[in-house]
Amino acid sequence: MLVILLQLSSQANNDDLKQLLKSVYCYCGCSRETIEVCVCGVAQEIEKKFKQELALEKTVDQIKSEYLAQHGSQFDAIMKAEGFNLVAYITPFLFLVIFGLIAVIIIKNQRSKEDITRPIVRDNNFEDLEEKIQQYRQQR
Amino acid sequence: MIAEIGQAAIWLALFSCLWTIVAIAMGMRHHHLGAIQSGRNATMATFGLISTATLALVYSFIMDDFALLYVYEGSSLKQPLLYKVTALWGKMSGSLLFWLWLLTFFSVMVVWQNQKPLASTDNISLADSALITLSFVSFFFVLLVTGLIEGVRNPLARFPWGVVKADGLGMNPLLQTPSMAFHPPMLYVGFVSLTVPFAFAMGALISGNLSNLWLHLSRRWTMFSWIALTVGITLGGNWAYHELGWGGYWAWDPVENASFMPWLLCSAYLHSAMIQEKRNMLKIWNIVLVSLAFGFTILGTFITRSGVISSVHAFAQSQVGGFFVIFLLALLTGTVILILLRRHQLRSPNRLESLLSRESAFVLNNWILVALTAMILFGTLWPIISEAVTQQKMAVPEAYFNQIVIIPGLILLLLTGIGPLISWKTLTRSNFNRVFAKPTAISVIAALISLVIFYLYREPDTSVSTIILSAICILGAVFVLTAILEEFYRGGKLRAKRNQIGLFLGMIRLLRHNKRRYGGYLVHIGIVILYIGIMGSKGYDRLTTESLTPGQAIKIRGYELIAGEGFQQKHANFDLSGVNFTVKKNGKVFDTMKPARAFYFTAGQGDQDTIESAIHHVGHMGLNNLYIALGPLPSKFPNYTQEPITVEVYHNPLINLVWIGVAVMLIGGIIAILENTIPTTNLTPRGLSGV
């Protein structure tokens, strides 16, 4: 029973560590690399420190908050869709809609009022014409 | 002495730029051909002067002239010759000088291209009006490199009091790779050459010649920019993949975004320009789009060079940032005023005849590309917006961009297939059914099959959304491929029948006779391949990290990598230390991999090292990658029996399709650029020269 409990606890710690390593950027100067992927010495030290803190039964949120308080909020690798960040998540889709509306307006404005039902000219016809023009040029 | 000659040349260039602007403007106003010729000559002179300054700086690098501040900061005695030359664009002022040199070179190309005897033809006056804009932009960059603007030094400036350093600090080791030698110049070529189509658009507005001539004259330039940007961006991704050790090629870094946004706008313009050529529509929009594409090259440079992204306060501190803003505002104001003045002439005589037409498909394509640009710009600027509002610095993670671009990206993929299927003007219901039925049916079947396969072979941590998005990607990809291949087949068959030749020869002939259209289709096929590569490498990549001692193994997706002996090699300016890995699959050894770290020992970079990742092509047709990056080496290396090494191993499925896709895109682009669409005199059937 004890072995199972220890294994479960170790598994939980591993998952917590993985979560932590993915959630913050390394402050070493590498461009926006999380501790998980950064292969510098600083990242290794941070990982060791996180392991120790998890062993002291600190929570993931606690360790992350302390890290960010020490090094700055710009090292947060997870941008939660809450608070002011919601603006960041919503606005791009607003752009998509707004630009879509503009495209619709352009198409509507550019559209002829008359219902023209001309015969369709396929591009193959254009090719034929083009070839004839080239033949004409060569003859000239 | 050489440096002083270079400095003098920069100062003289300031005047020759002004001379071009004044002479050509006056010449056009008073129809004085001598003044126009003088303006052209001044353009040549500017190129000569800037070439002199650039050569002076390159010479100083080669000769290790550490009396120059810029040479001291970017080079060292032990730096290989290639990197002494590429140090020219290693830092800000040198890169601006290189930018300027390219711009003056392209200006000379514009003069040379239109070097017919001076006459009052449209062609001549348009190219000359374009020179006014080109010289105006050149003037801005010359002003930057004179050293007058705080924040940018003259690249040829000496240390004060005649100080001469014994050795230089050396180039950043990360930049000392062959791909970094070519990646920045290719991007610059792409950025700078976009000035030419913009200059032609402005030239059309200034001269009042608002026929489609400016489009024809600038089409090859735009294609050239697009090709150069594609190469530049890809080389950057390739460099990141090999050198940064995080197993990826694109992270939505502000610098990457700065290069990607003009590419998107350039792609949008290439499509919308066709509407104007074929249907004489969207005249204002095309001018706006080409101006935006150019403006984004300047905006990108401003974003990355001013430090504005790192902190909102850097904006106020950096004078160079303010200078860029003034320049951008001047360009914006000038463009808007010129468009307003010419708005009556810019009205399109033609109308859209149907919503189901190629014109509409291209407008929708423009919608997605421009919206994507706005979305990426917003995400890139989010740290500034956020800091201004919440007073907290923020970083925008890669995942955010991946989330926001995925939907427009998939719509764009579908449009890539729809565009070529629809004919110009209108499409009837029967034709719609005939053209769309086959690609739609095949792609839906392929998507359903892939959905089942992705679901059955999923890994425990694969999300349902990844599976669904992958199936949609397959749907779009198969749709585009079927549509385009059908077009190739149909056209090829027609040619074969007419010329009594085989189908393959018919297809080749089709490509030869309509390079622009079928080259464009090849680009679309390349995009499909790229999408599949992105889907595999971003959606299904896997990372495993372990600390290993010799003999221990790391396992990833059926592969076993066994750590072997450590090794050390000496090179001219760095030491290489790494580990031999034996790669096994199903118990059989099939290769070795040698990840390493390079330690540079130049004066200024003594303790810096770079990651030399090992990449091995595996899987079906070698499309997947096994990728190893080493962590810091232990103190007693190459002995690491007591102190293990951290090893990161990635399995990146289908990643090679990313590079293959880009290669196909480039082949298509090169084929498309070969077609000359400048109409010859009395060649009336406009637009018949291809899509």
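What counts, and at which threshold
Residues numbered from 1 in each chain as written. Chains lettered and ligands numbered in written order. Predicted model: local features only at pLDDT ≥ 70, side-chain atom pairs only at ≥ 80, totals over all residues. Helix = DSSP H or I, 4+ residues; strand = E, 2+ residues; numbered from the N terminus. Rg over C-alpha atoms; globule rule 2.2 N^0.38 Å. Contact = placed C-beta atoms within 7 Å. Buried ≥ 20, exposed ≤ 12 C-beta atoms within 10 Å, placed from the backbone. Pairing = 2+ DSSP bridges. Axes fitted to C-alpha atoms, helices over the stretch in contact; angles between N-to-C directions. Nonpolar A, V, L, I, M, F, W, Y, C, P; charged D, E, K, R; others polar. pLDDT = per-residue confidence, 0-100. Core = buried A, V, L, I, M, F, W, Y, C linked by C-beta atoms within 7 Å.

Colleague: How do you make sense of the overall build of chain B when you look at a structure like this?
Modeller: Of the regular secondary structure elements, chain B holds 20 helices and 10 strands. Computed over the C-alpha atoms, the radius of gyration of chain B is 27 Å, within 12% of the 26 Å expected from 2.2 N^0.38 for a compact globule of 691 residues. If you line up chain B on its principal axes, its C-alpha atoms span 85 × 80 × 60 Å. Considering only intrachain contacts with a sequence separation of at least 6, the fraction spanning at least 24 residues in chain B is 72%.

Colleague: What's the story with the overall build of chain A in this structure? I'm lost.
Modeller: The helix and strand tally for chain A stands at 5 helices and 0 strands. Tracing chain A from N to C terminus, the helices and strands come up as α-α-α-α-α. Here chain A holds 140 residues, and the buried ones make up 23% of them.

Colleague: Is there a simple way to think about the sheet that holds strand β1 (residues 542–548) of chain B in this case?
Modeller: Residue and element names in this part refer to chain B. If you trace the 4 strands from one edge of the open sheet to the other, you get β1-β10-β9-β8, paired in antiparallel fashion. What marks the edges here is a single partner per strand, and that holds for β1 and β8 (614–618). Put simply, the sheet's adjacent strands are angled 20° from each other on average, direction ignored. Inspection of the sheet shows β1 paired to strand β10 (residues 645–652) by 7 bridges, in the antiparallel sense. Bridging across to β10, Ser547 finds its partner in Thr646.

Colleague: Just checking my understanding: could you explain the interface of chain A and chain B for this structure?
Modeller: Often the size quoted for an interface is simply the accessible area lost on bringing the parts together. Facing the 43 residues of chain A at the interface are 55 residues of chain B. Taken together, the elements giving at least two residues each to the side of chain A that touches chain B come down to α2 (41–55), α4 (85–110) and α5 (123–139) of chain A. It is α4(A) that provides the largest number of residues to the side of chain A that touches chain B, a total of 11 residues. Looking at the side of chain A that touches chain B residue by residue, the classes come out as 23 nonpolar, 11 polar and 9 charged.

Colleague: What exactly am I supposed to notice about the environment of B:Leu329 here?
Modeller: Locating B:Leu329 in the fold gives a position in helix α13 (residues 319–341). Along the backbone, B:Leu329 and B:Gly295 are 34 residues apart, and their C-alpha atoms lie at a distance of 9.8 Å.

Colleague: Help me out: how do you make sense of the pairing of strand β6 (residues 596–600) of chain B in this one?
Modeller: Within a regular strand, the side chains alternate between the two sheet faces. All names here are of chain B. Within β6, 4 of the 5 residues are buried, leaving the element largely enclosed by the surrounding structure. Across 4 bridges, the pairing between β6 and strand β7 (residues 609–612) is antiparallel. Among the inter-strand pairings, Arg597 is bridged to a residue of β7, identified as Ile611.

Colleague: Just to check I follow, could you spell out the confidence of the model for chain B for this structure?
Modeller: Residue and element names in this part refer to chain B. Confidence in the prediction for chain B averages 86 pLDDT; 93% of positions are at 70 or higher. No element of chain B has a lower mean pLDDT than helix α12 (residues 312–317), which averages 42, and none a higher one than helix α20 (residues 656–673), which averages 95. Across residues 311–317 the pLDDT falls below 50, and counting only partners more than four positions away or on other chains, this stretch makes 9 contacts in the model. The low-confidence segment residues 681–691 (pLDDT under 50) makes 22 contacts with residues lying over four places distant or belonging to another chain.

Colleague: What am I meant to see in the confidence of the model for chain A here?
Modeller: Parts of the model with low pLDDT should not have their predicted coordinates read in detail. Residues and elements named next belong to chain A. Taken residue by residue, chain A gives an average pLDDT of 77. The fraction at 70 or more is 75%. Model confidence for chain A, summarised as mean pLDDT per element, is weakest for α5 at 69 and strongest for helix α3 (residues 60–71) at 89. Contacts for the low-pLDDT stretch residues 114–120, under 50 throughout, to residues beyond four places or in other chains number 8 contacts.

Colleague: I'm lost on the nonpolar core in this one. Help?
Modeller: Residues and elements named next belong to chain B. Membership of the largest hydrophobic core comes to 231 residues, with the highest contact counts inside it found for Leu100, Leu265, Ala293, Ala477 and Tyr531. Looking at this core element by element, the count peaks at 16 residues for helix α9 (residues 213–243). Ignoring any residue separated from it by four or fewer positions in sequence, one finds Tyr531 in contact with Leu413, Cys473 and Ala477.

Colleague: So what exactly am I meant to see when it comes to the environment of B:Arg158 here?
Modeller: All names here are of chain B. Within the fold, Arg158 resides in the loop between α6 (122–145) and α7 (178–193). With 154 residues separating them in the primary sequence, Arg158 and Glu4 have C-alpha atoms 9.2 Å apart. Contact partners of Arg158, with chain neighbours within four places excluded, come to Ala3, Ala67, Leu68 and Leu69.

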